[in-house]
Amino acid sequence: MDHESINTVDLAMDTAGETDAAAGALLEVQAQLTRAQLRQLGLQIYNDRLLLAMRLLMAAAAVAAAVAVGVWLWLAAHDHGLVVEEFSAPGDLAAQGLSGRTVAARVLDRLITLQEATVSLRAPDSYDTNWGKDLSLQIGGSGVSVNQLDRAVRDALGDRTHITGEVYRPAPGQVTVAVRAGSRAAVSFTGREDQIEGLITQAAEGVYAQTQPFRYANHLRNTGRYDAAIALFRHMSTRGAAQERAWAQAGLAYTYLLVGDASAATKAGEKATRLDPDLPAAWLNRAAGDYARGDTEAFLSNNRKALAALQGKPRSMEAPVAAAMRASLSENIAADLGDFEAAARHAKALGELSEGLTIVGGEAPFLRAADLAAAGDVAGARSVLADYPEATDAWIVVQPYLWTPHLPGVAIAEATGDWVAGLPALKAAVAAAEAGDAMSQMKARVYLRPWLAYALAKTGDVAGAQALVAGFPAGCVLCARMAGRVADLANDRDGANKAFARAVRLAPSSPFAATDWAAMLLRRGDAAGAVAKAQAAVKAGPRSTSTLSLLVQALEAQGRKSEAEVVRRRLKAL
């Protein structure tokens, strides 16, 4: 290799070294630039995410605000509350502590008391003009506040009832309290100044009657003003929607019962069920009228229809009340079919479901005791009654609003057969009921007196029993049954057959009359007749243990052992 070639190589190597250094520097610059770009990109991504989060938060806040406004507007549009505005009043009355604000507050207090004291099966939400619990006092003021804006919106969109009024002197020494609801005419009451508290109460009742007529009619009934309640229910029964008229007729039916007019109660109940067949209260009050007439067949039928109307979630009755009423009706129906074991379970459930309720359930322990005794568990019945030492039949039958279609003392005497011990208590129950209100007198007529007739006959006073039988109402099913028992004890077989036949004809869905008839025939040696009647009774009450037991005895008396064994196994399976 010559010298020139060596120089060329060196030059090339030198150049390559310089190129590598430059490339390295360039790469370092490029790396720094890339890192800077990445940092910038990271910041950009962070900023974008932060911006997105802020936008999402703003959107969420906007949605929340829109929802809040929507809910506010919806609540405002569905506001049916009551607002009592400050009254006008003379200045000197204000100096005595009776300013317009004070009088308005007193009126509001009276209205709250009236609403809380009004007892009814009806759900508050089923009223066209339900105030709910939104009763308030509105005091006037100046300027604009959030509360005033809320009031304005609720007044514009809702259906609030505004109560206004004034107190003035029409003459020296007298004062008038005038109250009006919305655009209705004012109700005014005048008296001496020292009577102003009474005038305020009258004015509150007057406006309550205007704005809450059904509740006010119930209030009149609950406070014993039956004629006024009947007049108001009648007035309401001719106006408004079918459901409102049905409620009025149902209210009328129950009020007629309280004054002892069972026939008018039945007619009003029938009208109520025609107007609204889905209204449970209509069937309930119609059934109560049936019981008052002693028509247990119609009582059973209409109780079943009431129970059917209570299935699901009826708007006309609050859920806890509806649940308790279902238990009550189930108890009544099971007892009417002779299934006293099931009836006792339903009575127990009624007691549990009705805790905290005032309209239903107080009768639960007494129904349960009666059902346990009828099912043969006399010790269980007495154990239940031990918690209520005051609860004799005489006490139970006169308690207001205790729906007790059957009584434990009677059931225990029937289960034990000890009418000698049961007779004094039964006589006391009859005396208490006949001295009580119309509802108590009704129970004496169609329930207690028939059992008293039988008790007298069982204890040897057949003549006394027959005297009672002679006064029994014709359509009373229990009366016909007990007439048959009394005739049997008087050795009047033909009279007994006729009475039992009448009872079966009046109540074909009930097992009791046919069971009584079968028992009489079996005692008299007519096993074939007893089997026929017992089989008819079992068909009506397939879970009646007493009826099934009687059928076993009748079949065995007829020599039909295998058939008796089949019924016995059926009885054990219950």
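Colleague: For this particular structure, what's the right way to read the overall build of the chain?
Modeller: The helix and strand tally for the chain stands at 26 helices and 5 strands. Considering the chain as a whole, with its 574 residues, one finds that 45% of them fall into the buried category. Contacts in the chain between residues at least 24 apart in sequence constitute 58% of all its contacts with a sequence separation of at least 6. Of the roughly 27,700 Å² of accessible surface on the chain, a fraction of 57% belongs to carbon and sulfur atoms.

Colleague: Honestly, the pairing of strand β5 (residues 187–192) in this entry has me stumped. Any pointers?
Modeller: As a general feature of sheets, a regular strand has side chains that alternate between the two faces. Sheet topology note: the strand β4 (residues 174–181)/β5 ladder contains 6 bridges and is antiparallel. Across the sheet, Val-177 pairs through a bridge with Phe-189, a residue of β5. Linking two consecutive strands that pair antiparallel, namely β4 and β5, is a turn of 5 residues; a positive phi of about 60° is found at Gly-182 within it.

Colleague: Even after reading the chapter, I still don't get helix α8 (residues 242–258), so can you show me in this structure?
Modeller: Note that an α-helix has 3.6 residues per turn; residues three or four places apart therefore point the same way. Helix length check: α8 (17 residues) gives 24 Å between terminal C-alpha atoms against 24 Å at 1.5 Å per residue, within 8%. Buried residues dominate α8, accounting for 14 of its 17 residues. After α8 finishes, the residue Gly-260 shows a positive phi value of roughly 85°.

Colleague: Would you explain the pattern of salt bridges in this entry?
Modeller: Should their charged atoms come close, side chains of opposite charge can pair. For the structure shown, the criterion picks out 20 salt bridges. Between Arg-485 and Asp-516 there is a salt bridge, and its shortest N-O distance comes to 3.0 Å. In this pair, Arg-485 sits in helix α21 (residues 477–489) while Asp-516 sits in helix α23 (residues 512–523), placing the two residues 31 residues apart along the sequence. Here the two residues Arg-485 and Asp-516 agree in accessibility, since each one is buried. Ionic pairing is found between Arg-524 and Asp-488, a salt bridge with its closest N-O pair at 2.9 Å. Pair noted here: Arg-524 is in the loop between α23 and α24 (527–540) and Asp-488 is in helix α21, with a separation of 36 residues, a long-range link. Asp-488 gets classed as buried once you look at its relative accessible area, which sits at 10%. Put simply, Glu-414, Arg-481, Arg-485 and Asp-516 are held in one network by salt bridges that share partners.

Colleague: Quick question: what am I supposed to make of the confidence of the model for the chain here?
Modeller: In low-pLDDT regions, the fine details of the predicted coordinates are not to be read closely. In this model, the chain carries an average pLDDT of 86, and 87% of its residues clear a pLDDT of 70 or more. Every residue in residues 141–150 scores below 50 in pLDDT, and together they form 5 contacts with partners more than four places removed in sequence or on other chains.

How each quantity is defined
- Residues numbered from 1 in each chain as written.
- Predicted model: local features only at pLDDT ≥ 70, side-chain atom pairs only at ≥ 80, totals over all residues.
- Heavy atoms only, no water.
- Helix = DSSP H or I, 4+ residues; strand = E, 2+ residues; numbered from the N terminus.
- Buried < 20%, exposed > 50% of the residue type's maximum accessible area, 1.4 Å probe, protein only.
- Contact = heavy atoms within 4.5 Å.
- Areas by Shrake-Rupley, 256 points an atom, 1.4 Å probe, with all protein chains shown as cover.
- Pairing = 2+ DSSP bridges.
- Expected span 1.5 Å × (residues − 1).
- Salt bridge = Lys/Arg side-chain N within 4 Å of Asp/Glu carboxyl O.
- pLDDT = per-residue confidence, 0-100.

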